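Notes for the structure review
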Amino acid sequence: MTETDRATALAAEPSEHTDPDPAKADLRRVGAHPDHWYPVALSRRVRAGRVLAATFAGERIALFRSESGDVHALEDRCAHRQVPLSMGVVEGETLRCRYHAWAYRGDGRISQIPYLAKGDRRPPRGVRGYPVREAYGLVFVFPGDPQLAAATPLPHLPAFGSPRYRTMTYSRTVRCHYSFMHENLLDMNHQFLHRGVVGRLHPELLGYEADERSVEARYLFTHTGGKRNRSAGLLAAEGLGGGTADVMTIRTEYPYQTLDLVPENAERPAFRLWAAYVPEDAEQRTCHAFGLLMIEKPGIPGLLQVAWPFIRRFTERVFAEDRMAVEAEQRAWDEQGEDRNHEVFPLILDVREVLRRNGVPLRARAAACGGAALCDGAGLPDGLRGQE
């Protein structure tokens with residue numbers, strides 16, 4: 001789809017975009033595809049010699065940082081009595097279950113059962129080890145086919161670590177299906193919700209492009225009145241060479257989302273946002289939102305440092321209002337047992353198709369093997385593969 005004015009098309013074909021299509025899968029029953037890198041924790045929370053519990057779509061994961069400083073991710077259960085390994089103890093490069101002291105390597109293989117004597121019954125299989133990487137202050141795991149992990153890139157964020165930008169990190173649980181979050185950020189027609197924080201904003205959709213994996217929209221934002229939070233002005237570089245009209249580019253590129261805001265007459269974005277919405281429960285009605293807000297440093301030394309707590313407070317307030325709305329959407333879905341939305345915005349209909357096309361049916365994920373590493377016998381001690 002080429003960039004175009006969608007208002008004309010909407011007016012010409014109202015019946016095409018008013019009722020849910022019963023032939024299409026309910027998007028709220030579509031799960032996040034596991035063959036991607038997903039953040040599951042802040043790096044600073046996985047401290048040396050400590051274990052941290054995390055989740056992805058109902059899969060419990062134990063993260064631990066070994067003596068060498070590397071982070072490992074294991075299925076959060078001991079193969080012996082199913083006690084969570086997140087309750088365990090880190091010893092050197094291994095994680096030892098707190099109950100009977102079974103020790104696991106970073107790949108999930110059992111390295112020791114301290115009381116096992118020669119001739120005793122051989123131990124069961126180990127546990128699944130997830131591919132794991134650290135980047136941008138986050139711990140990413142690859143919950144899908146581990147054979148695909150090496151060839152699947154992490155998100156590329158050139159502004160992170162740039163001397164021109166400073167990054168504010170967010171980590172919040174939101175009680176809704178991840179698709180509501182994508183729709184919320186892409187559909188900037190909801191600014192009425194934020195009128196008490198940003199005043200009256202007029203968002204004009206300049207155009208958008210969509211393909212099988214992504215949707216990118218460009219809006220022109222004009223402040224038309226009302227009281228605007230001063231921190232909003234600082235964030236958008238107002239009073240620092242910027243103007244009153246901002247161009248905002250929002251992109252869902254499965255499974256991530258980005259937002260760039262370029263003030264009037266500016267050469268670079270005043271801020272860049274990267275976000276990932278990671279499902280927590282098996283039904284994927286709750287997600288964890290991880291966000292990196294990269295804010296351009298102004299020409300006045302020290303100004304951003306002074307404004308930092310105020311910008312944080314402003315963004316948290318906007319996020320709280322968005323969370324209130326998307327959680328209300330999820331409650332309605334729960335009560336009605338189906339998606340009764342009557343969406344009329346072609347942009348959102350297209351992003352729904354992207355999410356639907358690239359996701360997986362929830363029942364397929366629930367019925368799948370506990371992970372490829374368990375299905376093929378990985379996780380066993382050396383020499384014990386194929387033995388129960």
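Residues numbered from 1 in each chain as written. Predicted model: local features only at pLDDT ≥ 70, side-chain atom pairs only at ≥ 80, totals over all residues. Heavy atoms only, no water.

**Brief notes about the confidence of the model for the protein**
For the protein, the mean per-residue pLDDT works out to 84, and 82% of the residues sit at or above 70. For residues 1-19, every residue scores under 50 in pLDDT, and the model assigns this stretch 28 contacts once sequence neighbours within four places are set aside. The model gives residues 366-388 a pLDDT under 50, and that stretch makes 44 contacts with residues more than four places away or in other chains. (pLDDT = per-residue confidence, 0-100. Contact = heavy atoms within 4.5 Å.)

**A short note on a positive patch on the surface**
There is a patch of like positive charges on the surface, built from Arg44, Arg45, Arg47 and Arg50. Of note, arginine 50 is situated in the loop between β2 (38-42) and β3 (51-56). A residue is classified by how much of its surface remains accessible, and arginine 50, at 45% relative accessible area, is partly exposed. (Patch = residues over 30% accessible without salt bridge, like charges linked within 9 Å, V, L, I, M, F, W, Y side chains within 5 Å. Areas by Shrake-Rupley, 256 points an atom, 1.4 Å probe, with all protein chains shown as cover. Salt bridge = Lys/Arg side-chain N within 4 Å of Asp/Glu carboxyl O. Lys, Arg positive; Asp, Glu negative; His and termini not counted. Charge placed at Lys NZ, Arg CZ, Asp CG, Glu CD. Helix = DSSP H or I, 4+ residues; strand = E, 2+ residues; numbered from the N terminus. Buried < 20%, exposed > 50% of the residue type's maximum accessible area, 1.4 Å probe, protein only.)

**What about the sheet that holds strand β9 (residues 110-112)?**
To summarise the sheet geometry, strands pair through backbone hydrogen bonds and adopt either a parallel or an antiparallel arrangement. The antiparallel open sheet is built from four strands, whose spatial order is β6-β7-β8-β9. At either margin of the open sheet sits one strand with a lone partner, and together these are β6 (89-91) and β9. Pairing of strand β8 (residues 103-104) with β9, which is carried by two bridges, proceeds in the antiparallel orientation. Each residue of the ladder has a partner; that of alanine 103, found in β9, is glutamine 112. (Pairing = 2+ DSSP bridges.)

**Things to note about the pattern of salt bridges**
Under the criterion given, the structure shown has 22 salt bridges. In this structure, arginine 268 and glutamate 296 form a salt bridge, with 3.0 Å as the shortest nitrogen-oxygen distance. Remark: glutamate 296 occurs in strand β19 (residues 287-296) and arginine 268 occurs in the loop between β17 (256-263) and β18 (271-279); sequence separation between them is 28 residues. Residues joined by salt bridges that share partners form a network here, namely Arg28, Glu183, Asp339, Glu343 and Arg352.

**What about helix α6 (residues 346-358)?**
Residues spaced three or four apart along an α-helix face the same direction, because each turn holds 3.6 residues. The terminal C-alpha atoms of α6, which comprises 13 residues, lie 19 Å apart, in line with the 18 Å expected from a rise of 1.5 Å per residue. With ten of 13 residues buried, α6 lies mostly within the body of the structure. Among all positions in α6, only Pro346, Leu347, Ile348, Asp350, Val351, Arg352, Val354, Leu355, Arg356 and Asn358 are buried. (Expected span 1.5 Å × (residues − 1).)

**What about helix α2 (residues 178-186)?**
Of all nine residues in α2, nine are buried; the element is thus mostly enclosed. Among all positions in α2, only Tyr178, Ser179, Phe180, Met181, His182, Glu183, Asn184, Leu185 and Leu186 are buried.

**With respect to the packing of aromatic side chains**
For the structure shown, the criterion picks out six aromatic pairs. Look at tyrosine 136 and phenylalanine 160: their rings are 5.3 Å apart centre to centre, the planes differ by 75°, and that puts the pair in the edge-to-face class. Of this pair, tyrosine 136 sits in the loop between β11 (132-135) and β12 (138-141) while phenylalanine 160 sits in the loop between β12 and β13 (165-174); the two residues are 24 residues apart in sequence, bridging distant segments of the chain. Given a relative accessible area of 18%, tyrosine 136 falls into the buried group. Look at phenylalanine 160 and you get partly exposed, because its relative accessible area is 29%. Taken together, the aromatic side chains of Phe140, Tyr256 and Trp274 make up a single cluster linked through ring pairs. The lysine or arginine in question, arginine 28, covers the ring of phenylalanine 180, its NZ or CZ lying 3.9 Å from the ring centre. The positively charged end of arginine 166 is found above the aromatic ring belonging to tryptophan 308, 3.9 Å away from the centroid. (Phe/Tyr/Trp six-rings, centres within 6.5 Å; stacked < 30°, edge-to-face > 60°. Lys NZ or Arg CZ within 6 Å of the ring centre and 35° of its normal.)

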